[in-house]
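Residue-level structure breakdown
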Amino acid sequence: MEKLVVTGPTQLKGEVTISGAKNAAVALLPATLLIDGVCTIENLPHISDIEISCTILEKLGAKITWNDKHCITIDTRNITTTKAPLDLTSKFRASYYIIGSMLGRKGEIEVGMPGGCKLGARPIDQHIKGFEALGATVTVEKGKIYGKAKKLKGTSIYMDIVSVGATINVMLAAVLAKGTTTIDNAAKEPHIVDVANFLNTMGADIRGAGTDVIKINGVEKLHGNATYSVVPDQIEAGTFMLAAVATRGDLTLKNCITKHLESITAKIIEVGGNVEDYGDSIRVWCNKRPNKANIKTLPYPGFPTDLQPQMGVVLSLANGTSVINESIWESRFQYTDELNKMGAKITAQGKTAFFEGVKKLYGAPVYSTDLRAGAALVIAGTAAQGETDIYNLQHIDRGYEDIEGKFRKIGANIKRVTEE
Ligand code: UD1
């Protein structure tokens, strides 16, 4: 079994280059199924979710050439089956994007129920509602999803809930549909804009991505023949920004879009940190104990749920009692039990947690309960006194490229160890 051993405390200092966004990349790869051609994708993060996505695409008939570890050329001219491998699709959440893409391209798909982090109930009713509105029949049976359609037809779809996944999935299905599709109450996250930009580069006609109304004019065919670079990862950038504050360090993050980081910047300033914004890079530093603050997670441009655990580490160490209200995922506070093992004083009740700030955290053996919880524990271990052993690394490896290498480069005493 592998574990990360972090010995602290360390004030993180230096430069970090932010990778391409995981949540964009896991949608761009299935989006290539809509292309009757060849395209190249650059700035892919080197993480396990991407490796699995590529294997699924290959099993469907795509031909992938790795140009280097962040860049692939993918030929999706010859898709040979509409049955996606069940064992692989159930390994991560974003495998559900295959449904939208394959309904658009082939009018048929069989796929396993998506897996991913256990953050509470993760229904896909809004995805299915969108596919059905476009004319598909969708059935869910014995852990499998079956979708079938003759030719999807554009229509107006109102999302009952602001959902990143449903917005992207319905957008994918609508690209090759006949006529115009409008998605109302769409999510606005940066990766939604990235998927729309990618598809438009390949010949789609999508307008309004990044606002709450997206209009997709169906086209006959996507041509490919283009190179696209994945947007920088908002969540990885936010993770390092909060690591700078929690460790009272000084970090400059390269290759980010600071516009995507505004909700995090605002909270960092509120807790007493400092931010210098250079547009495509950002410097964050903090030379005192953070102040308390209250957080409510919200869809973009609100404070992202995927940075809630990392912010929880900052508030564990703050002067005073802070409150976090989690409005997206009911089980997102599992990490608080782990932080309490390190000396934090957090009481979580349902969707609310109270953080009574402590002066110091202490190293302890802890378990990563999900992807972002794992990143929070790496920050906590770096800020804490003594040795923290972090287990369940498969969660972290799904979404952070070389986390220990990046932390080591900015001064953390961190190593990956294989235990018998
Ligand atoms: C995506 C992100 C995830 C992030 C989340 C919220 C990816 C691969 N994952 O997940 O990291 O935490 O956005 O920012 O991009 N819901 C329904 N019915 C649906 C769909 C969603 O009720 O059909 C609910 C969910 O239970 C949740 C909320 O809507 O409470 C938001 O979920 P959604 O935005 O869809 O999250 P994901 O796309 O799964």
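Residues numbered from 1 in each chain as written. Predicted model: local features only at pLDDT ≥ 70, side-chain atom pairs only at ≥ 80, totals over all residues. Heavy atoms only, no water.

A word on the domain arrangement of the protein chain
Domain annotation of the protein chain identifies domain 1 (2-18 + 233-418) and domain 2 (22-229). Distance from the C-alpha centre of domain 1 to the C-alpha centre of domain 2: 30 Å. Taken together, the contact between domain 1 and domain 2 spans 21 residues of the former and 23 residues of the latter. Interface area for domain 1 against domain 2, summed over the two sides, is near 1800 Å², with a carbon-plus-sulfur share of 52%. Taken together, the links from domain 1 to domain 2 amount to one salt bridge. The salt bridge involving Arg 398 is made with Asp 49; its shortest N-O contact spans 3.0 Å. Counting the contacts that link domain 1 with domain 2 gives six residue pairs in polar contact (both at pLDDT 80 or more). Contributing elements (two or more residues each) for the side of domain 1 that touches domain 2: helix H12 (371-383) and helix H13 (393-399). It is H13 that contributes the most residues to the side of domain 1 that touches domain 2, three residues altogether. (Domains from an automatic or database assignment. Contact = heavy atoms within 4.5 Å. Buried area = accessible area lost by both parts, 1.4 Å probe. Salt bridge = Lys/Arg side-chain N within 4 Å of Asp/Glu carboxyl O. Polar contact = N/O pair within 3.5 Å; in protein donor to acceptor, adjacent residues only side chain to side chain. Helix = DSSP H or I, 4+ residues; strand = E, 2+ residues; numbered from the N terminus.)

Concerning the packing of helix H8 (residues 234-246) against H12
Where H8 meets H12, the closest approach of the two axes is 9 Å, and the angle between their N-to-C directions is 25°. When the interaxial angle is binned, H8 and H12 end up roughly parallel. Our pair here, H8 against H12, has a crossing hand that is right-handed. Counting all contacts with H8, which are made through Ile 235, Thr 239, Ala 243 and Ala 246, the residues of H12 involved are Arg 372, Ala 375, Ile 379 and Ala 383. Looking at the contact of H8 with H12 residue by residue, the classes come out as six nonpolar, one polar and one charged. (Axes fitted to C-alpha atoms, helices over the stretch in contact; angles between N-to-C directions. Parallel < 35°, antiparallel > 145°, perpendicular 65-115°, else oblique. Left-handed = near helix turned anticlockwise from the far one by under 90°. Nonpolar A, V, L, I, M, F, W, Y, C, P; charged D, E, K, R; others polar.)

What to know about the pattern of salt bridges
Throughout the structure, instances matching the rule amount to 23 salt bridges. Here Lys 148 ties to Glu 108 by a salt bridge, and the two come within 3.6 Å at their closest N and O atoms. Taken as a pair, Lys 148 in strand E8 (residues 144-148) and Glu 108 in strand E6 (residues 108-112) lie far apart in primary sequence, 40 residues in all. What makes Lys 148 partly exposed here is its relative accessible area of 48%. The partly exposed category is assigned to Glu 108, whose relative accessible area is 33%. Among the salt bridges present, the one from Arg 332 reaches Asp 370, with a minimum N-O distance of 3.7 Å. Taken together, the residues span a long stretch of sequence, with Arg 332 in the loop between strand E18 (321-325) and helix H11 (335-341) and Asp 370 in the loop between strand E21 (365-367) and H12 at a distance of 38 residues. (Buried < 20%, exposed > 50% of the residue type's maximum accessible area, 1.4 Å probe, protein only.)

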